[in-house]
Amino acid sequence: MLLVSTTRIIPGRAVPSFLSGRYPAVKVRKKLYVTERVQELRKQRKRPNRYDEVGLFSGILFCADCGHVLYQQRYQNKDRKQDCYICGSYKKRTRNCTAHFIRTDLLTAGVLANLRQVTEYAAKHESRFVKLLVQQNEIGGKRKTAAAIKQLEQAQERISEISRIIKRLYEDNVNGKISDERFMELSADYEAEQAELKKRAAALQAELDKSQAATVNAEKFMGIVRKHLAFEELTPTLLREMIEKIVVHECSYDENGTRRQDIEIYYSFVGKIDLPE
């Protein structure tokens, strides 16, 4: 988690309505233009502000409390110039949320510092870095993975065994060896156990899939890092290739009145990265 402080950084035009009925071709062109523009904006994951500029962090900043995207705000008068981001829910008053105000210059400095830490560590200790990424994204190491595999195998064996038991019970019921009432009672118990085992097996399989994906995702992220080992400044391409999202928390003040703010950086494919001290 990154701390941001105010004093320091801690690591087409619309068609007139009277034309739309007379000139359907104009309406079609407008529709095509709007569709293409929407697709373009979605692909870029960012939108121009009222100054017809795209904010560096637009589309990747999210509120830690309500989950809404943060919007860029810029204004200037004779006494002050401000460039910042605030919670979209707070701005639109759609939810009961606070501003989560963060200055763009402080955010830029904090993210830049964290990116440099990650890339410098990766450049010096590539194999160790990949191993670290895998460990932080798998279910908990080789021992837990082995235990999950064993539990999955046991669950699958029991599921198969129960199926055989239910089949024998059915045959015994047909042959008159057990009553219908007894068959219904026993089969219900076995089916309930089997249903729970299937849920457990599905959860274990999901964990194992995550562990396998951790290695693949670590290599994918490392491929992106290699492209940007010598960057000088933050660019939209760099940010959107390396970072999935940035979560901004509300600020707080310590006993000295210093404003502090947490931000969490989720990197592409691997999520949050906790580097060793």
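Along every chain, residues carry numbers that run from 1 in the direction the sequence is written. A pLDDT threshold of at least 70 governs which residues receive local features in this predicted model, and a stricter bar of 80 or more applies before side-chain atom pairs are shown or counted, although totals over entire chains, interfaces and linings include all residues. Computation of side-chain values: all heavy atoms of the structure, hydrogens and water removed.

Caption draft 1: Fine view of the environment of L115. Helix numbering and strand numbering both begin at the N terminus, where a helix is a DSSP run of H or I of at least 4 residues and a strand a DSSP run of E of at least 2. Counting through the fold element by element, L115 comes out in helix α4 (residues 104-124). L115 sits 150 residues away from I265 along the chain, and the two C-alpha atoms are 9.4 Å apart.

Caption draft 2: Expanded view of the packing of helix α5 (residues 126-137) against helix α7 (residues 180-227). Axis definition: a line fit to C-alpha positions, over the contact stretch in the case of helices; interaxial angles, taken between N-to-C directions, run 0 to 180 degrees. Between α5 and α7, whose axes approach to 8 Å, the crossing angle comes to 140°. The orientation of α5 with respect to α7, classified from their angle, is oblique. Once α5 is placed against α7, the crossing between them reads as right-handed. Contacts between α5 and α7 involve E126, F129, V130, L133, V134 and N137 on the former and, on the latter, K210, A214, T215, A218, E219, F221, M222 and R226. Under the grouping applied here, Gly and all other residues not named as nonpolar or charged are polar, the nonpolar ones being Ala, Val, Leu, Ile, Met, Phe, Trp, Tyr, Cys and Pro and the charged ones Asp, Glu, Lys and Arg. Tallied by class, the residues present in the contact of α5 with α7 amount to eight nonpolar, two polar and four charged. What sets the label is the angle itself: under 35 degrees gives roughly parallel, over 145 gives roughly antiparallel, 65 to 115 gives roughly perpendicular, and the rest give oblique. Definitions for this section: a left-handed crossing has its near helix turned counterclockwise from the far helix by less than a right angle. A right-handed crossing has that turn clockwise. Two residues qualify as a contact provided that any one of their heavy atoms is within 4.5 Å of a heavy atom in the partner residue.

Caption draft 3: The arrangement of α4 in detail. Residue count minus one, scaled by 1.5 Å, sets the expected span of a helix. Counted at 1.5 Å a residue, the expected span for α4 with its 21 residues is 30 Å, and the 30 Å between its end C-alpha atoms agrees. Each residue is assigned to one of three classes by its accessible area relative to the maximum for its type, calculated with a 1.4 Å probe on protein chains only: buried under 20%, partly exposed between the two thresholds, exposed over 50%. Burial in α4 covers these residues: T104, L106, L107, G110, V111, L112, N114, L115, V118, T119, Y121 and A122.

Caption draft 4: Representation of the confidence of the model for the protein within the structure. What pLDDT reports is the predictor's confidence in each residue, on a scale of 0 through 100. Across the protein, pLDDT averages 82, with 79% of residues at or above 70. Under a pLDDT of 50 for its full length, residues 6-34 has, in the predicted model, 20 contacts with residues more than four places off or in other chains.

Caption draft 5: Examining the sheet that holds strand β4 (residues 70-76) more closely. Each pair of strands is called paired provided DSSP finds at least two bridges between the two strands. The strand order across the open sheet built from three strands is β4-β5-β6, with neighbouring strands paired in antiparallel fashion. Either end of the sheet is taken by a strand with one partner, and the two such strands are β4 and β6 (102-103). Summarising the sheet, strand β5 (residues 81-87) and β6 pair through two bridges and their orientation is antiparallel. Within β6, the position partnered with Y85 by the bridge is I102.

Caption draft 6: Representation of α7. With 48 residues, α7 ought to run about 70 Å at 1.5 Å a step, and its terminal C-alpha atoms sit 69 Å apart, in line with that. When the local axis directions of α7 are compared, the greatest deviation, roughly 25°, occurs at A214. Two axes enter the definition of the bend at a residue: one is fitted to the seven residues ending there, the other to the seven starting there, and the bend is the angle between them.

Caption draft 7: Region of interest: the nonpolar core. Residues grouped as a nonpolar core are buried Ala, Val, Leu, Ile, Met, Phe, Trp, Tyr and Cys residues, joined through side-chain atoms within 4.5 Å. Counting residues in each nonpolar core, the largest one holds 40 residues, and the members touching the most others are F57, V111, L115, F221 and Y267. Among the elements of the structure, β3 (61-63), β5, α4, α5, α7, α8 (236-242), β7 (243-248) and β9 (259-267) are those that each provide at least two residues to this core. The element contributing the most residues to this core is α4, with seven residues. Residues A148, L152, I159 and L204 belong to the second largest nonpolar core, which totals ten residues.

Caption draft 8: Seen up close, the pairing of β4. With seven bridges connecting them, β4 and β5 associate as antiparallel partners. Within β5, the position partnered with Y71 by the bridge is I86. In this antiparallel pair of consecutive strands, β4 and β5, the connection spans four residues.

Caption draft 9: Geometry of the pairing of β9. Both β7 and β9 contribute to a ladder of five bridges, which runs antiparallel. Bridged to V247 within β9 is E264. For strand β8 (residues 252-253) and β9, the ladder comprises two bridges, and the chain directions are antiparallel. Looking across to β9, one finds that S252 is bridged to R260.

Caption draft 10: Layout of the packing of aromatic side chains. Working definition: rings of Phe, Tyr and Trp (its six-membered ring) pair if their centres are within 6.5 Å, and the pair is stacked with planes under 30 degrees apart, edge-to-face with planes over 60 apart, and tilted otherwise. According to the stated counting rule, one finds five aromatic pairs in the structure shown. Both rings, one in F129 and one in F221, keep their centres 6.3 Å apart while their planes meet at 45°; by these two values the pair is tilted. In this pair, F129 sits in helix α5 while F221 sits in helix α7, placing the two residues 92 residues apart along the sequence. In this pair, the class of F129 matches that of F221, namely buried. Taking the centre distance of 5.6 Å and the plane angle of 65° together, the rings of F221 and Y267 count as edge-to-face. Of this pair, F221 sits in helix α7 while Y267 sits in strand β9, placing them 46 residues apart in sequence. Residue classification places F221 among the buried positions, given a relative accessible area of 0%. By way of ring pairs, the aromatic residues Y121, F129, F221 and Y267 are connected into one cluster.

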